[in-house]
Amino acid sequence: GNRHLKLNCAKETFEGMKMVREYDTFDEEVFSARAQFLRKRTRVVEVVAFEELVFTLTQSGSCSVFSRDTNQRVCFLNISPDEAIRSLFLNKSNQSIVSVSVFKEDEFGVLRCRSTPMSFVRSGQPTKGFPIFAGESLSYPGFVEFDDVNRKVLTFSADNRAYKLWDLANYEPLYTVRDENLQEIKISPGIMLFIFQRSQGHVPLKIVNIETGVVLKSFKHLLHRTRRVDFIEQFNEKLLVKQEHENLQILDIRTQEVIEVPRSNFLTPSAFIFLYEIQLFLTFRARDVSVWNFKGELVTHFDDHELWYNEANTNNIYITTDQAHIISFCRTDGCLHGTINVSSIASGKCIAKITCTPDGVPQRMALEDITSLFYNEVRNEIYTGHREGKVTVWTN
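Keep in mind it's a predicted model, so treat the numbers as computed, not measured.

The rules behind the values
- Residues numbered from 1 in each chain as written.
- Predicted model: local features only at pLDDT ≥ 70, side-chain atom pairs only at ≥ 80, totals over all residues.
- Heavy atoms only, no water.
- Salt bridge = Lys/Arg side-chain N within 4 Å of Asp/Glu carboxyl O.
- Buried < 20%, exposed > 50% of the residue type's maximum accessible area, 1.4 Å probe, protein only.
- Helix = DSSP H or I, 4+ residues; strand = E, 2+ residues; numbered from the N terminus.
- Core = buried A, V, L, I, M, F, W, Y, C linked by side-chain atoms within 4.5 Å.
- 1 Å grid on protein atoms, 1.4 Å probe; cavity = no way out; pocket = protein on both sides within 12 Å on 5 of 7 lines; lining within 4 Å.
- Points joined across faces, edges and corners; volume = space filled by probe spheres on them.
- Nonpolar A, V, L, I, M, F, W, Y, C, P; charged D, E, K, R; others polar.
- Phe/Tyr/Trp six-rings, centres within 6.5 Å; stacked < 30°, edge-to-face > 60°.
- Lys NZ or Arg CZ within 6 Å of the ring centre and 35° of its normal.

Draft legend 1. How the structure looks around the pattern of salt bridges. Tallying each qualifying case throughout the model produces 23 salt bridges. A salt bridge links Lys186 to Glu184; its shortest N-O distance comes to 3.2 Å. Owing to a relative accessible area of 37%, Glu184 belongs among the partly exposed residues under this scheme. For Asp304, the salt bridge goes to Lys353, with nearest N and O atoms at 2.8 Å. Placement of Asp304 in the loop between β25 (298-301) and β26 (317-319) and of Lys353 in strand β29 (residues 350-354) is noted, with a sequence separation of 49 residues between them. The class of Lys353 is partly exposed, set by a relative accessible area of 34%.

Draft legend 2. Geometry of the nonpolar core. Core analysis: the largest hydrophobic core is formed by 45 residues, its most contacted members being Phe55, Leu77, Leu88, Ile97, Ile327, Ile340 and Ile382. Looking at this core element by element, the count peaks at five residues for strand β2 (residues 44-50).

Draft legend 3. Representation of empty space enclosed by the protein. If you walk through the whole model with that rule in mind, you get two cavities of 30 Å³ or more. Roughly 60 Å³ of volume is contained in the largest cavity. As for the largest cavity, its lining consists of ten residues, and the residues nearest its centre are Leu307, Tyr309, Asn313, Asn316 and Ile317. Of the residues belonging to the lining of the largest cavity, the class tally is six nonpolar, three polar and one charged.

Draft legend 4. Just the packing of aromatic side chains, in detail. Applying the stated criterion across every chain, the model contains 26 aromatic pairs. Ring plane angle 25 degrees and centroid distance 4.2 Å describe the contact between Phe235 and Phe294, whose orientation is recorded as stacked. On the criterion of sequence distance, the pair formed by Phe235 in strand β18 (residues 229-235) and Phe294 in the loop between β24 (288-292) and β25 is long-range, its members being 59 residues apart. The two residues Phe235 and Phe294 agree in class, both being buried. Pairing Phe272 with Phe274 gives two aromatic rings, centres 5.8 Å apart and planes at 15 degrees, and the pair type is stacked. Judged by relative accessible area, Phe274 falls into the buried class, the value being 13%. Ring pairing ties together the aromatic residues Phe231, Phe235, Phe266, Phe272, Phe274, Tyr276, Phe281, Trp292 and Phe294, which thus form one cluster. If you follow Arg331 out to its NZ or CZ, it ends over the ring of Trp308, 4.8 Å from the centre.

This is the structure:
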């Protein structure tokens, strides 16, 4: 009964959503004062929202912010004419938006991060934001990675090859890790996996406490010498290792027990999303989404959730906070445009779908070229970004 009630609630939440508003990220007058590369209309690559504020990022690197209360543009996050914003991160730990940008003066080769409190965004004063991680050398192969689950930030500095952990709430440094053999760091709740340069027949690994940097366990995982490693992923105490033409191995780090999943059952995906709340993971391969458990069993295959794009782009996919539903831009047989499908992660059933109405030309056009998608759980609104630089609001 309870499950049925939940399903009905979810159906009501999403059913009958239609297009209610459209915003344009392009403004000829404002853009004429900017660097040449920012003057053209480009697609919306990312949409995120905080309460009534909708942040939209285009491929050229322009970020416009709109208010759902006034339906006006509040401001642009770009604070200089030659700034191209590459990505946005919604920092719920301190109610700010973090922008990661490149600048013409650095030949677009250095990442620079800024944190702008929502209060300054609301008042249209993005210049009151402040630089963060300014002392780090974030030119290639340097990077910055934001981790919502542990409320941490990981940076890698190119000049001294140092990994640094920071507190997401105040951007204070916590500790530094330097090891020239360290190749990659994977983050999970409470712990990190350090992956070192592989030697002939194994890869050295360490499990590290994310709060303190203390090593909890060091071990080696045996590999086939001649085979490429497709991926090593970590989820809590489980390690997923897959080599080319080999079975998937799921290793329990505590017991050293290994489960093998035949390679014919598990083809290497292009992306993973770990669902920490429900102890499952999603895989994306071509247009298919699947849900697996850590015994290597396929838990859910979706009835009607064929992705529109062939390559998985998580900016076109939204997982609800309770990890009960996935919302994606999908394709439907016999339709020239796409549809926005809401499916249950537990059952794989499609519970709601936004498609065109027979008389709705604007709605049909809004479903033709969706390039990004976000669901505002507070306001029950879906925002979609488009190839032409427009953003559509859908609600019921």
